[in-house]
Structure formats: C-alpha cells, structure tokens
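Structural characterization, general
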Amino acid sequence: NYDDGVTASQQSTRAVQGTGAAPATITISDGATYNFGSIANGGSADKSFTIANTGGVSATSLSGSGLAAPFSFKGGSFPGAGGTCTPILAASSNCTVVVTFAPTVSGAQADTLDISYNNGVSGGQISSRDVAGTGVT
C-alpha cells in the first residue's frame, strides 16, 4: 500500500514464484579410507579423487586442506597438479583433486583430506576422506 497524503491509497500486486533446491552436498570418491599401499621411502604415488556435488545448488568457496607430510596436494596446492576443481562446483557436477603420498620414513601413515565449502545456506561445511599408506625401505 502507498499513501502520498494527496491521493487515495494505491496498491500494486506482482505475482512471484520460485523453486526450492536442496543445499549443495559434497562427496569424495574411494570409500571410507583410501590406502596408497606400500611405497618405498623417497618414492611417491598419486591418486585422483572425484569430488561430486549431489545437491541442487552450486557449492561455493570450495577449497582443500587437512593434508600434512607425507601427504600433500600434488605440486603443493589445491586442487593438485592435474586436478580440475575450482572454487565453485555446480549442482550435479564433479571435479578432481590429486593427492600425493611421498613417505620418507618406514611405517604406516594416515591423514585426512578435507574439502570445505559453502552449501548455499552456510559456509563451514566439510566433507572428508581418510587416506593411508605405508613407507617401506
């Protein structure tokens, strides 16, 4: 309603519509824990993980973290050399990250790959994949 004090009250109506969509949901391929197996100390192995958005809206602010030596994103930074992920992953789309296992000491090693994102409702969402490997002489 609108009243300018001079003319009678006026009213305007506009039809609106929209479609609800499920928030972005990020999943990471290769089971609960991906095991690189036994790798000789001083050697390395790479693994390409598929990151999928199964939600109805884009995931934004996509980034990777959580890895510490002897695990890393290939080449040192997210999404890893050869990886295809960018900060935005459209609904029903996927991309890849490449993780390297490069042991320098013998024994079992474990870590967690974390993918952080905004699901369209709030930031601070995290999807994780455990990784493991064994350094051998």
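Residues numbered from 1 in each chain as written. Predicted model: local features only at pLDDT ≥ 70, side-chain atom pairs only at ≥ 80, totals over all residues. Heavy atoms only, no water.

As a further point, take the pattern of salt bridges. A full pass over the atoms with the stated rule returns 2 salt bridges. Between Lys-47 and Asp-30 there is a salt bridge, and its shortest N-O distance comes to 3.2 Å. Linking Lys-47 in strand β3 (residues 45-53) with Asp-30 in the loop between β1 (26-28) and β2 (33-40), this pair joins segments that are 17 residues apart in sequence. Given a relative accessible area of 17%, Lys-47 falls into the buried group. (Salt bridge = Lys/Arg side-chain N within 4 Å of Asp/Glu carboxyl O. Helix = DSSP H or I, 4+ residues; strand = E, 2+ residues; numbered from the N terminus. Buried < 20%, exposed > 50% of the residue type's maximum accessible area, 1.4 Å probe, protein only.)

Evaluated as defined, the whole model comprises 6 aromatic pairs. Considering the side-chain rings of Tyr-34 and Phe-36, the 5.1 Å spacing of their centres and the 85° angle between planes classify their relative orientation as edge-to-face. A residue is classified by how much of its surface remains accessible, and Phe-36, at 10% relative accessible area, is buried. The lysine or arginine in question, Lys-47, covers the ring of Phe-49, its NZ or CZ lying 5.8 Å from the ring centre. (Phe/Tyr/Trp six-rings, centres within 6.5 Å; stacked < 30°, edge-to-face > 60°. Lys NZ or Arg CZ within 6 Å of the ring centre and 35° of its normal.)

Further remarks concern the sheet that holds strand β7 (residues 107-118). If you trace the 4 strands from one edge of the open sheet to the other, you get β2-β8-β7-β4, paired in mixed fashion. For this open sheet the edge positions go to β2 and β4 (60-65), each flanked by a neighbour on one side alone. The sheet shows a mean angle of 20° between the axes of neighbouring strands, taken without regard to direction. Here β7 pairs with strand β8 (residues 125-136) via 11 bridges, running antiparallel. Residue pairing for β8: Asp-111 is matched across the bridge by Val-131. (Pairing = 2+ DSSP bridges. Axes fitted to C-alpha atoms, helices over the stretch in contact; angles between N-to-C directions.)

With an omega dihedral of 15°, the bond running from Ala-69 to Pro-70 counts as a cis peptide bond. Structurally, Pro-70 is set in the loop between β4 and β5 (71-73). The backbone of Asp-30 sits at a positive phi, close to 75°, despite the residue not being glycine. Overall, Asp-30 belongs to the partly exposed group, its relative accessible area being 32%. Of note, the phi angle at Ser-92 is positive, near 60°, even though the residue is not glycine. Position of Ser-92 relative to the elements: it lies in the loop between β5 and β6 (94-101). Taking the relative accessible area as the measure of exposure, Ser-92 reaches 66% and is therefore exposed.

Before going further, it helps to spend a moment on the nonpolar core. Among the nonpolar cores identified, the biggest contains 23 residues, and Ile-26, Ile-51, Leu-62, Val-97, Leu-113 and Ile-115 are the most heavily contacted of them. At the level of secondary structure, the elements contributing two or more residues to this core comprise β1, β2, β3, β5, β6 and β7. Sequence-distant contacts of Ile-51, that is, excluding residues within four places in its chain, are made with Ile-26, Thr-27, Ile-28, Cys-85, Leu-89, Ser-93, Asn-94, Cys-95, Val-97 and Ile-115. (Core = buried A, V, L, I, M, F, W, Y, C linked by side-chain atoms within 4.5 Å. Contact = heavy atoms within 4.5 Å.)

Any functional reading would require information that these geometric values do not contain.
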